[in-house]
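# Close look at the chain arrangement
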Amino acid sequence: MVVFFTAGAEETQALAKDLAKKLKPGDILLFFADLGAGKTTFIQGLAKGLGLKQKVTSPSFILANEYPGKMPLFHIDLYRLEDGQSIEDLGLEEYYEKGGVVAIEWAERMGKNLPPKAKKIKIKSLSENKRKITIG
Ligand code: ADP
Ligand code: MG
């Protein structure tokens, strides 16, 4: 487990860019953090690090966005998962086999469906611009 402290969105993205260089096809990143902590900001840095040109946005109602490239990024956001909507029915496993990096926001909502071989990223707000980021 490694702990980082960042003092602004750019620093969080720089950290994510570095991490992106170490990722392999099929790697899964699970994000655990409150709203506004910086999950999407981090994933924007990941996309840059993977050399993807498209801008990563917060999916408003769709659960998954695909950013194509040599090593694509599958961005899944479970924020709008309805109570009672079953995670099993989403078929997330399908994304694990596509040869890209899978980044999942609100992984708390996966319950027992958390993939075992994933990296966990926790982001905690310390102040308006400071974040504690734990990767393990
Ligand atoms: P989430 O996806 O976790 O809901 P976002 O990434 O959409 O959060 O939003 C995070 C907000 O916090 C952005 O407006 C970003 O500019 C701001 N921010 C301020 N400081 C930081 C930091 N150190 N790391 C990441 N985001 C930061
Ligand atoms: Mg987000």
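Anything mentioned here points back to the structure above.
The shown structure was predicted, so the numbers you read here are calculated from the model rather than taken from an experiment.

## Some words on unusual backbone geometry
- The residue Trp-106 is not glycine, and still its phi comes out positive at about 65°.
- Secondary-structure assignment places Trp-106 in the loop between β5 (101–105) and β6 (119–125).

## So, the coordination of the magnesium ion (ligand 2)
- Taken together, Thr-40 (OG1) and Glu-105 (OE) make up the protein donors of the magnesium ion (ligand 2), found 2.1 to 2.3 Å from the metal. Of this pair, Thr-40 sits in helix α2 (residues 39–49) while Glu-105 sits in strand β5, placing them 65 residues apart in sequence.
- Assessed through its relative accessible area of 3%, Glu-105 is described here as buried.

## What to know about a positive patch on the surface
- A surface patch of positive charge is lined by Lys-17, Lys-21, Lys-48 and Lys-55.
- Assignment of secondary structure puts Lys-55 in the loop between α2 and β3 (64–67).
- For Lys-55, a relative accessible area of 61% gives the class exposed.

## Here's the deal with the site of ligand 1
- For ligand 1, the set of nearby residues contains 16 residues, the closest of which are Thr-12, Gly-36, Lys-39, Thr-41 and Asn-129.
- Here a nitrogen atom of ligand 1 sits 3.0 Å away from a polar atom, N or O, in the main chain of Gly-8.
- Contacts to ligand 1 include Thr-40, whose side-chain N or O atom sits 2.9 Å from an oxygen atom.
- When isolated, ligand 1 has an accessible area of 580 Å², and the protein chains bury 75% of it.
- Going through the elements one at a time, α1 (9–20) and α2 are the ones with two or more residues in the shell around ligand 1.
- Sorting elements by how many residues they give to the shell around ligand 1 places α2 first, with 3 residues.
- Across the shell around ligand 1, the residue classes break down as 3 nonpolar, 8 polar and 5 charged.

## Here's the deal with the pattern of salt bridges
- By the definition in use, this model includes 2 salt bridges.
- For Lys-112, the salt bridge identified is with Glu-88, shortest N-O distance 2.9 Å. Of the two residues, Lys-112 sits in the loop between β5 and β6 while Glu-88 sits in the loop between β4 (73–77) and α3 (93–96), which places them 24 residues apart along the sequence.
- Under the relative-accessibility criterion, Lys-112 is labelled exposed at 70%.

Rules behind the numbers
Residues numbered from 1 in each chain as written. Chains lettered and ligands numbered in written order. Predicted model: local features only at pLDDT ≥ 70, side-chain atom pairs only at ≥ 80, totals over all residues. Heavy atoms only, no water. Helix = DSSP H or I, 4+ residues; strand = E, 2+ residues; numbered from the N terminus. Donors = N, O, S within 2.8 Å, 3.2 Å for Na, K, Ca; no water. Buried < 20%, exposed > 50% of the residue type's maximum accessible area, 1.4 Å probe, protein only. Patch = residues over 30% accessible without salt bridge, like charges linked within 9 Å, V, L, I, M, F, W, Y side chains within 5 Å. Areas by Shrake-Rupley, 256 points an atom, 1.4 Å probe, with all protein chains shown as cover. Salt bridge = Lys/Arg side-chain N within 4 Å of Asp/Glu carboxyl O. Lys, Arg positive; Asp, Glu negative; His and termini not counted. Charge placed at Lys NZ, Arg CZ, Asp CG, Glu CD. Near = heavy atom within 4 Å. Polar contact = N/O pair within 3.5 Å; in protein donor to acceptor, adjacent residues only side chain to side chain. Nonpolar A, V, L, I, M, F, W, Y, C, P; charged D, E, K, R; others polar.

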